[in-house]
Amino acid sequence: GAGVSQTPSNKVTEKGKYVELRCDPISGHTALYWYRQSLGQGPEFLIYFQGTGAADDSGLPNDRFFAVRPEGSVSTLKIQRTERGDSAVYLCASSSQAGTTYNEQFFGPGTRLTVL
Amino acid sequence: TQLLEQSPQFLSIQEGENLTVYCNSSSVFSSLQWYRQEPGEGPVLLVTVVTGGEVKKLKRLTFQFGDARKDSSLHITAAQPGDTGLYLCAPLTRGAGSYQLTFGKGTKLSVIP
């Protein structure tokens, strides 16, 4: 069975450019999470989707970051006017259900973003 | 804001040795998870501990949740090169509409053959 996939695996961009990172969750998983992992750190929560809506975006660092999940499956994390400090591995995770009970999150391999 | 500390930050040992890594906080957690992450991969769940004092075993790995549910430890017996990786602890906290994972910085373990 397919796990969570993320594309591209690596992205190199220049300061000030716009980037999009894609996440394909496990089929049927309604909950989707984005995390950012900087060098030497653990993953840091960015945003959580339940279905098509962003139920919790409290982890987004500023308004340059935005994520969508228009059909409740694939999600795209968008970063405008990239800065060198945005360089990190961006991880996506999905789970079968959220809300009042916790279900295991399955992580993708991440997209390594490098901003020059 | 909870402070989560993992120690040691780095650990390099010989194959066959035993080791313990720690996850400490001043906050009380309802539950806590341990993950292992290998280079180029996402974290993979190893265990969830819920009850204070709980001990769970996964082959050569033994996980313990502190009585006060503020700390946890992971003990590996007879470490193997395949145990190499980043070990992350992550308490579960209730966010807006979901449970959130708050990861520590992790312990980077290298097991030398």
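Higher on the page you've got the structure.
Residues numbered from 1 in each chain as written. Chains lettered and ligands numbered in written order. Predicted model: local features only at pLDDT ≥ 70, side-chain atom pairs only at ≥ 80, totals over all residues. Heavy atoms only, no water.

**Thoughts on the packing of aromatic side chains**
When we look at a pair of aromatic rings, we describe it by the centre distance and by the angle of the planes.
Reasoning step 1: Scanning the entire structure with this criterion turns up 9 aromatic pairs over all chains.
Reasoning step 2: Geometrically, the ring pair formed by Tyr35(A) and Phe107(A) is tilted, given 5.4 Å between the ring centres and 45° between the ring planes. In this pair, Tyr35(A) is assigned in strand β4 (residues 31–37) and Phe107(A) in strand β10 (residues 106–107), connecting sequence segments 72 residues apart. Note on accessibility: Tyr35(A) and Phe107(A) belong to one class, buried.
Reasoning step 3: Measuring from ring centre to ring centre gives 6.0 Å for Phe107(A) and Tyr35(B), while their planes differ by 85°; the resulting arrangement is edge-to-face. (Phe/Tyr/Trp six-rings, centres within 6.5 Å; stacked < 30°, edge-to-face > 60°. Helix = DSSP H or I, 4+ residues; strand = E, 2+ residues; numbered from the N terminus. Buried < 20%, exposed > 50% of the residue type's maximum accessible area, 1.4 Å probe, protein only.)

**Overview of the nonpolar core**
Reasoning step 1: Residues Leu19(B), Leu32(B), Trp34(B), Phe63(B), Leu74(B), Ile76(B) and Leu109(B) are the most contacted members of the largest nonpolar core, which totals 21 residues.
Reasoning step 2: Of all the elements in the fold, those that place two or more residues in this core are β3 (19–25), β4 (32–37), β5 (44–49), β7 (61–65), β8 (71–76), β9 (85–94) and β11 (107–112) of chain B.
Reasoning step 3: Residue contacts for Ile76(B): discarding those within four places in its chain leaves Glu17(B), Asn18(B), Leu19(B), Arg60(B), Leu61(B), Asp83(B), Tyr87(B) and Leu109(B).
Reasoning step 4: In terms of nonpolar packing, the next biggest core, distinct from the first, is built from 20 residues, Val4(A), Phe65(A), Ala67(A) and Ile79(A) among them. (Core = buried A, V, L, I, M, F, W, Y, C linked by side-chain atoms within 4.5 Å. Contact = heavy atoms within 4.5 Å.)

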